[in-house]
Amino acid sequence: MHVMTRRWVLVLGAAGLIVALGLASGPLASRSASVAAACREHAKLTPRRGLPQPGVDLYRDPGSAQRSDLREAGYPGVGLMLSGRVFDTGCRPMARVMLDFFHADSHGRYDRRQIRFHGHQYTDEEGRYLLRTIVPKGYLRRAPHIHVAVQAEGGPLLTTQLFFPPTLRAYGMNVAALNAHDPGFSKVLTVRLGSRRSSGYSAMFDFVIARG
Ligand code: FE
């Protein structure tokens, strides 16, 4: 991100410092049966841990509107419905976890006011979230990505970015090449992308975070 206020500088400075495990979801049909096992398997991976970030509490002060639909008239783009769940490191679903999403538009531009394509929501009792938005375009040499901050009440803050697989077709991007040349790209943080429909793409991503 190249457009940031102090808030986002602080947040991004914490990126990867807390338990930062991404868990790509399995196919929808087998998901409910396998997700706990997949989570347990994924949780074995070495988490990235770091120093606490005193004073950064997005749960109490997200700095964005509470909304799960970021689509706006006048800002067309390829539709994206991103969904998933948030688990703790014991693979238990976490309710009322705050997720803050922020991304560029279909031209690779950020809203300097950090209002457009920016919003937060909370997981339901099953730990689920659902985001309706558009596919962001990459900018400069960045692969297309979505900034996300995840935090349970009283818990550590996770800030990270979600990426897309090369199967994504949007805005003429060569996603494979963009991913390959972006040092920030992480396969672990790549969403599982469904096939494109008239409404756009569906994608899934689960998070595993520390409970506090
Ligand atoms: Fe960015």
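Right above here is the structure, for reference.
Being a predicted model, the structure only gives us computed values, none of them experimental. Counting starts from 1 at the beginning of each chain's written sequence and moves along it residue by residue. Only residues with pLDDT of at least 70 get local features here, since the model is predicted, and only at 80 or more are side-chain atom pairs given and counted; chain-wide, interface and lining totals rely on the full set of residues. Each side-chain value is worked out from all heavy atoms of the structure, with water and hydrogens disregarded.

Examining the side chain of His147
Stage number 1. The helix and strand labels rest on DSSP assignments: H or I over at least four residues marks a helix, E over at least two residues marks a strand, and numbering proceeds from the N terminus. Looking at the secondary structure, you find His147 in strand 6 (residues 145-151).
Stage number 2. Using a 1.4 Å probe on the protein chains alone, a residue whose accessible area is under 20% of its type maximum counts as buried, one over 50% counts as exposed, and one in between counts as partly exposed. According to the relative accessible area criterion, His147 is buried, its value standing at 0%.
Stage number 3. A distance of 2.9 Å separates polar atoms of two side chains, one belonging to His147 and the other to Tyr110. Pairing of N or O atoms within 3.5 Å defines a polar contact, subject to two protein rules: one partner must be a possible hydrogen donor and the other a possible acceptor, and residues neighboring in sequence count only if both atoms are side-chain atoms.

With respect to the coordination of the iron ion
Stage number 1. Here the term donor refers to an N, O or S atom within 2.8 Å of the metal (or 3.2 Å for Na, K and Ca), and because water is left out of the atoms, sites may appear incomplete. Taken together, Tyr110 (OH), Tyr139 (OH), His145 (NE2) and His147 (NE2) make up the full set of protein donors to the iron ion, lying 2.0 to 2.2 Å away.
Stage number 2. Coordination at the iron ion is irregular, judged from the 4 donor atoms that bind it and the angles of 91 to 150 degrees they form at the metal.
Stage number 3. In terms of primary sequence, the donors binding the iron ion are separated according to Y-x28-Y-x5-H-x1-H. Accessibility assignment for this pair places His145 and His147 in one class, buried. In these descriptions, tetrahedral denotes four donors with every angle between 85 and 135 degrees, square planar four donors and octahedral six donors with opposite donors over 155 degrees apart and the rest between 65 and 115, and irregular any other case.

Describing the layout of surface pockets
Once rolled over the atoms, a probe with the size of a water molecule shows which space is left empty.
Stage number 1. Of the grid points, spaced at 1 Å and generated over the protein atoms alone, those admitting a 1.4 Å probe that cannot get out make up cavities, while open sets with protein on both sides within 12 Å along at least five of seven lines make up pockets; any residue with an atom within 4 Å of a point is treated as lining. Grid points are joined across faces, edges and corners, and a volume is the space filled by probe spheres set on the points. Approximately 270 Å³ is the volume attributed to the largest pocket.
Stage number 2. Met81, Ser199, Gly200, Tyr201 and Ser202 are the residues nearest the centre of the largest pocket, which is lined by 14 residues in total.
Stage number 3. By residue class, the composition of the lining of the largest pocket is 4 nonpolar, 7 polar and 3 charged. Asp, Glu, Lys and Arg are counted as charged, while Ala, Val, Leu, Ile, Met, Phe, Trp, Tyr, Cys and Pro are counted as nonpolar; the rest, among them Gly, fall into the polar class.

Looking at the pattern of salt bridges
Stage number 1. By definition, a salt bridge exists where a carboxyl oxygen of Asp or Glu is found within 4 Å of a side-chain nitrogen of Lys or Arg. One pass over the full model with this rule turns up 10 salt bridges.
Stage number 2. Among the salt bridges present, the one from Arg85 reaches Glu126, with a minimum N-O distance of 3.8 Å. Of this pair, Arg85 sits in strand 2 (residues 79-88) while Glu126 sits in the loop between strand 4 (118-122) and strand 5 (128-134); the two residues are 41 residues apart in sequence, bridging distant segments of the chain.
Stage number 3. What makes Arg85 buried here is its relative accessible area of 12%.
Stage number 4. Between Arg96 and Glu125 there is a salt bridge; the shortest N-O distance is 2.9 Å. Pair noted here: Arg96 is in the loop between strand 2 and strand 3 (98-103) and Glu125 is in the loop between strand 4 and strand 5, with a separation of 29 residues, a long-range link.
Stage number 5. Salt bridges linked by common partners bring Asp57, Arg60 and Glu153 together as one network.

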